[in-house]
Amino acid sequence: MGMCLAINSVSDDNIKRILERPELIWRLIAPDDPEAYKETVKEKNRVGFLSKLLGKKETKEIDIPNLDFVEGENVDDDLDKSWQGIQYCMNKTAYEAESPMDFITVGGEVAGDIEVGYGPARLFSSETVKDIHLRLSNITETEVSANYDPEDMERLDIYPNIWSRDGDEGLEYITEYFINLKSFVANCANNNLGMAVYIC
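Notes on the structure follow. (Residues numbered from 1 in each chain as written. Predicted model: local features only at pLDDT ≥ 70, side-chain atom pairs only at ≥ 80, totals over all residues. Heavy atoms only, no water.)

### What to know about the packing of helix 6 (residues 126-137) against helix 10 (residues 168-190)
Thought 1: For the pair helix 6 and helix 10, the least separation of the axes is 9 Å and the interaxial angle reads 140°. If you check the angle between helix 6 and helix 10, you find them oblique. Handedness of the helix 6/helix 10 crossing: left-handed. Contact residues: Val-129, Lys-130, Ile-132, His-133, Leu-136 and Ser-137 in helix 6; Phe-178, Leu-181, Lys-182, Val-185, Ala-186, Cys-188 and Ala-189 in helix 10. (Axes fitted to C-alpha atoms, helices over the stretch in contact; angles between N-to-C directions. Helix = DSSP H or I, 4+ residues; strand = E, 2+ residues; numbered from the N terminus. Parallel < 35°, antiparallel > 145°, perpendicular 65-115°, else oblique. Left-handed = near helix turned anticlockwise from the far one by under 90°. Contact = heavy atoms within 4.5 Å.)

### Description of the packing of aromatic side chains
Thought 1: Taken as a whole, this structure holds four aromatic pairs when the rule is applied.
Thought 2: Centroid distance Tyr-148 to Trp-163: 6.2 Å. Interplanar angle 85°. Geometry classified as edge-to-face. Here Tyr-148 is found in the loop between helix 7 (141-147) and helix 8 (150-155), whereas its partner Trp-163 is found in helix 9 (residues 163-166), with 15 residues between them in sequence. (Phe/Tyr/Trp six-rings, centres within 6.5 Å; stacked < 30°, edge-to-face > 60°.)

### Considerations on the sheet that holds strand 1 (residues 5-10)
Thought 1: Strand order in this open sheet of five strands is 2-1-5-4-3, and the pairing throughout is antiparallel. What marks the edges here is a single partner per strand, and that holds for strand 2 (76-78) and strand 3 (109-110).
Thought 2: Inspection of the sheet shows strand 4 (residues 122-124) paired to strand 5 (residues 194-199) by three bridges, in the antiparallel sense. Within the sheet, the bridge partner assigned to Arg-122 lies in strand 5 and is Val-197.
Thought 3: Lying over the sheet, helix 10 contacts strand 1, strand 2 and strand 5, oriented at roughly 15° with respect to strand 1. (Pairing = 2+ DSSP bridges.)

### A word on the pairing of strand 1
Thought 1: Burial analysis of strand 1 places six of its six residues in the buried class, the great majority of the element.
Thought 2: The two faces of strand 1 match: Leu-5, Ile-7 and Ser-9 on one face and Ala-6, Asn-8 and Val-10 on the other face are all buried.
Thought 3: Taken together, the three bridges between strand 1 and strand 2 define a ladder with antiparallel strand orientation. Looking across to strand 2, one finds that Ala-6 is bridged to Asp-78. (Buried < 20%, exposed > 50% of the residue type's maximum accessible area, 1.4 Å probe, protein only.)

### What to know about the packing of helix 5 (residues 83-91) against helix 10
Thought 1: Orientation of helix 5 relative to helix 10, taken along the N-to-C sense of each, is 85°, at an axis distance of 9 Å. Accordingly, the angle class assigned to the pair helix 5 and helix 10 is roughly perpendicular. Contacts between helix 5 and helix 10 involve Gly-85, Ile-86, Cys-89 and Met-90 from the former and Ile-174, Tyr-177, Phe-178 and Leu-181 from the latter.
Thought 2: Taken together, the residues that form the contact of helix 5 with helix 10 break down as seven nonpolar, one polar and no charged. (Nonpolar A, V, L, I, M, F, W, Y, C, P; charged D, E, K, R; others polar.)

### Some details on the side chain of Arg-27
Thought 1: Note that Arg-27 resides in helix 2 (residues 25-29).
Thought 2: For the buried Arg-27, no salt bridge exists, and the shortest N-O distance to an oppositely charged side chain is 7.1 Å, to Asp-32.
Thought 3: Among the polar contacts made by the side chain of Arg-27, one reaches the main-chain carbonyl oxygen of Pro-31 at a distance of 3.2 Å.
Thought 4: Not counting chain neighbours up to four residues away, the residues in contact with Arg-27 comprise Asp-33, Pro-34, Tyr-37, Ile-64, Pro-65, Asn-66, Leu-67 and Phe-69. (Lys, Arg positive; Asp, Glu negative; His and termini not counted. Salt bridge = Lys/Arg side-chain N within 4 Å of Asp/Glu carboxyl O. Polar contact = N/O pair within 3.5 Å; in protein donor to acceptor, adjacent residues only side chain to side chain.)

### What about the pairing of strand 5?
Thought 1: With respect to burial, strand 5 is a largely interior element, six of its six residues being buried.
Thought 2: Bridge count between strand 1 and strand 5: six bridges; the pairing is antiparallel. Across the sheet, Leu-5 pairs through a bridge with Ile-199, a residue of strand 5.

### Looking at helix 3 (residues 34-45)
Thought 1: In this model helix 3 runs 17 Å from its N-terminal to its C-terminal C-alpha over 12 residues, within 8% of the 16 Å that 1.5 Å per residue would give.
Thought 2: When helix 3 is considered as a whole, its buried residues turn out to be Ala-36, Tyr-37, Lys-38, Thr-40 and Val-41.
Thought 3: Those residues of helix 3 hidden inside the fold are in contact with helix 2. (Expected span 1.5 Å × (residues − 1).)

### Some remarks on unusual backbone geometry
Thought 1: Ser-99 connects to Pro-100 through a cis peptide bond whose omega is 5°.
Thought 2: Here Pro-100 lies in the loop between helix 5 and strand 3.
Thought 3: The omega torsion across Tyr-159 and Pro-160 is 5°, close enough to zero to call that bond cis.
Thought 4: Tracing the sequence through the fold places Pro-160 in the loop between helix 8 and helix 9.
Thought 5: You will see that Asn-74, though not glycine, has its phi angle at about 60°, which is positive.

No statement about biological role is implied by the geometric values presented.
As structure tokens, then:
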């Protein structure tokens, strides 16, 4: 399967709710799977052996809240396994970059310690997404192509380590998902929405 990067549009109001109660991230990224939310809450509220001896009881019924979505919110997409290749072709780095252009790999506010794949989701406000959109708009496919350097990408261990093997096909893979990313971020910005980013 490998590590794919997923993205969801989310309102600032729901970002605030998720940061206050991180288990709500499941109501954004898996709204049709209430069990994911329930299991996280159960784990969080699990009563230890000592607490049971002292008479503390586990909560039996778990209320499953819904997030109220506005127009354009909770649209999801993904960058498949191209995400670190895109990060490299935008910034010439493996992870770090000037904020907010580190959004693919390390930026944003972390949604607690809720594992949603390979670590927790990271959340970006609508204001930050507008900044990302502005910067992405100024990066052309020509610039992405000019930054594509399979040898250096292999040296930096850029996931999924196919660049020397795939050559121009690797660049096409990055470019295709870069275009999708720009479109997704533009839709978020145009709807005054933020986004959630996570590796699954």
